[in-house]
Every structure is written in structure tokens, then in C-alpha cells.
Amino acid sequence: MKTVLTIAGSDCSGGAGIQADIKTITAHGLYAMSAITALTAQNTTGVFGVLEAGEEFVAKQLDCIFTDIFPDAVKIGMVSSAPMIRAIARKLRQYGARHVVLDPVMVSTSGSKLLEDTAIEALTGELFPCADLITPNIPEAQVLSGRKIVHAQDMERAAQDLSARYHVAVLVKGGHLVETANDYLFCGGEGTWLRAQRVENENTHGTGCTLSSAIACGLAQGLCMEDAVRHAKQFLLGALSTGLNLGKGSGPLNHCFAIGKPQW
């Protein structure tokens, strides 16, 4: 059985973070492992508290995982401080982690800030070089690239700039453009538009976590980057299309829609 490690924060409401990742990995028929970076008090209406695990404890979790059940792929989500980012990067380099998908979580779907300003430099300087792919949404891509993104061409330029600057494949997610659900992948010097129908569903809590975890699953299974992203987009489309409606705010996806259905 292929294995996937998620390094992220815990969402007590179950829609995002570690919980969304484990559901996604399990739905793909793979074995999920986790290193928890923080506990969050959150629900579909917002984030009300964050308790960081501490870099030494996160490093110890990674030691336990990599020295026993080596992951075939790694997904990284919420990492809220520079010391933690440096500790994670050190362990990824130490163990030669492969197929690393980094979702640069800076802002939650509900608009709450999740990443300290001082951590952005550590994120780009320490963790980006460990990654095979980064998956910023448009607000995150704007922060990272320094470009205002309004049109599709802006997504292309931002992805190309980030790939050249950090030597990593880049998937700029277009979900914040109201007219489409198209994403732009720049990998190996070539750009590809990955187009998908837009699902009219306000319940989008954990979409970024789900997509990046699904990509990691594809890479763990041996898919190339483009095919892994295409498969992940189809999984996300299915999870959104079932129309699950829980909570008083932006609700979670239905990760269970694919349980019992072969993914590969």
C-alpha cells in the first residue's frame, strides 16, 4: 500500500487541515500519516484560536514517521512560524523526502489570517526548495509574486515568475476568479491550463487542503505531475458536486463520495 504524509494543522470541525487530508488520502485507498503543526479552534464560520505544536515536537513526529513508515509522498499545509518551517525543511532534507506538495496556507477560506508575516521569508527560502509543487490560490500567488492577478494572463505570469524564482512547479488555482474554475500549471518550463466546470456551491471549506492531498496521492501512485493534478481536480469536483451542506458558514466537502470507488 502506498503511503502519504500530511504535515498540517488540525481542524476540530473536520472540514480542512489534517482531517480533510486524511479523508482524502483514505478515499484514494492509500495509507495516511500525519504530523500536526497546530491545533485550531475553528468551524465553518471562522478561526477562533491557534495553539502551535512547537518546532521540536513537530520534528520528533517527523523522525518517528520517516524512520519507520517512509512516505511515498508528502503534503504540507499550515505551518505558522519561521522556526517550525525551518525544522520541517531540515527534516525533509535529512530524510530525502520525495513527491512533496506544498499548499502555502496564508489565509483560510473564511478570510482568517493563518501565517505570520515573519514566516513568509522562511517559507519561500527553506520549504519551497524542498517541494516538487506549490499550490497557491490567487490571493497567495499575489503575495508571493508581488503581482496583481485579475485575468488569466496574470495567473500565467505569476506562475512563471514563481517557478523561475524558486525552481519549483507551480499550480495557481483560479477558484477566486468568479467566472471559471480553471487552474494554471507551470512545470518543467511548460504551462498548461487545466479547465473544469465551476460548481455553484458556497460550501468550500477545505478545498485547498483536499486538492493538494489528492495531488500527493497521485504522485505517490506514480502519476506524472500533470496527470496527478488533473486527477485531483476531478476528485475535488466530485467532492463539491454532491452538495453537502453542514454548518452555518462555508461548509465542508463530501470527501466520502468516492469511498468504495476505485481511484486508480
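Located above this text is the structure these notes cover.
Computed from a prediction, not measured in an experiment: that's the story for all the values here. (Residues numbered from 1 in each chain as written. Predicted model: local features only at pLDDT ≥ 70, side-chain atom pairs only at ≥ 80, totals over all residues. Heavy atoms only, no water.)

**Q** An account of helix 2 (residues 55–66) is needed here, citing residue identities and associated values.
**A** Counted at 1.5 Å a residue, the expected span for helix 2 with its 12 residues is 16 Å, and the 16 Å between its end C-alpha atoms agrees. Along helix 2, the positions that sit buried rather than exposed are Val58, Ala59, Gln61, Leu62, Ile65 and Phe66. Each buried residue of helix 2 lies within a common arc of 155 degrees when the element is viewed along its axis, so the set occupies one face. Those residues of helix 2 that are exposed and aimed more than 90 degrees away from the buried face are Glu56, Phe57, Lys60 and Cys64. Those residues of helix 2 hidden inside the fold are in contact with strand 1 (3–11), strand 2 (31–43), strand 4 (73–76) and helix 3 (82–95). (Helix = DSSP H or I, 4+ residues; strand = E, 2+ residues; numbered from the N terminus. Expected span 1.5 Å × (residues − 1). Buried < 20%, exposed > 50% of the residue type's maximum accessible area, 1.4 Å probe, protein only. Arc of directions from axis to C-beta. Contact = heavy atoms within 4.5 Å.)

**Q** Which residues make up helix 3, and what values go with them?
**A** Between the first and last C-alpha of helix 3 there are 20 Å, a value that for 14 residues agrees with the 20 Å anticipated at 1.5 Å per step. Within the span of helix 3, buried status applies to Ala82, Met84, Ile85, Ala87, Ile88, Ala89, Lys91 and Leu92. Buried residues in helix 3 make contact with strand 1, strand 2, strand 3 (46–52), helix 2, strand 4 and helix 4 (119–127). Among the residues trailing helix 3, glycine 96 stands out with phi positive, at a value near 65 degrees.

**Q** A description of the packing of aromatic side chains should follow, citing residues and the corresponding values.
**A** For the coordinates displayed, the defined rule picks out 5 aromatic pairs. Here phenylalanine 128 and tyrosine 166 contribute two aromatic rings whose centre-to-centre distance is 5.0 Å and whose plane-to-plane angle is 90 degrees, an arrangement assigned as edge-to-face. Linking phenylalanine 128 in the loop between helix 4 and strand 6 (133–134) with tyrosine 166 in helix 6 (residues 152–166), this pair joins segments that are 38 residues apart in sequence. Ring centres 5.2 Å apart and planes at 45 degrees place the aromatic pair phenylalanine 235 and phenylalanine 257 in the tilted group. Of this pair, phenylalanine 235 sits in helix 8 (residues 225–241) while phenylalanine 257 sits in the segment after helix 8; the two residues are 22 residues apart in sequence, bridging distant segments of the chain. Three or more aromatic residues link up through ring pairs in this structure, and these residues are Phe66, Phe70 and Tyr95. (Phe/Tyr/Trp six-rings, centres within 6.5 Å; stacked < 30°, edge-to-face > 60°.)

**Q** Quick rundown of the sheet that holds strand 6? Include the residues and the values.
**A** Picture the strands of a sheet paired through backbone hydrogen bonds; they go either parallel or antiparallel. The sheet built from 9 strands is open, its strands ordered 3-2-1-4-5-6-7-8-9 with mixed pairing. Single-partner strands in this sheet number two, and they are strand 3 and strand 9 (190–194). As judged from the 4 bridges shared by strand 1 and strand 4, these two strands associate in the parallel manner. Residue pairing across strands places valine 4 opposite alanine 73, the latter belonging to strand 4. In the packing of helix 8 onto the sheet, the strands contacted are strand 6, strand 7 (169–172), strand 8 (183–187) and strand 9, and the crossing angle to strand 9 comes to about 15 degrees. (Pairing = 2+ DSSP bridges. Axes fitted to C-alpha atoms, helices over the stretch in contact; angles between N-to-C directions.)

**Q** With reference to specific residues and values, describe the pattern of salt bridges.
**A** Enumeration over the complete set of coordinates arrives at 9 salt bridges. With a shortest N-O distance of 3.3 Å, arginine 98 and aspartate 72 are connected by a salt bridge. Here arginine 98 is found in the loop between helix 3 and strand 5 (100–102), whereas its partner aspartate 72 is found in the loop between helix 2 and strand 4, with 26 residues between them in sequence. Residue classification places arginine 98 among the partly exposed positions, given a relative accessible area of 39%. With its nearest N and O atoms 3.6 Å apart, the salt bridge here joins lysine 173 to aspartate 103. Placement of lysine 173 in the loop between strand 7 and strand 8 and of aspartate 103 in the loop between strand 5 and helix 4 is noted, with a sequence separation of 70 residues between them. For the pair lysine 173 and aspartate 103, one class covers both residues: buried. (Salt bridge = Lys/Arg side-chain N within 4 Å of Asp/Glu carboxyl O.)

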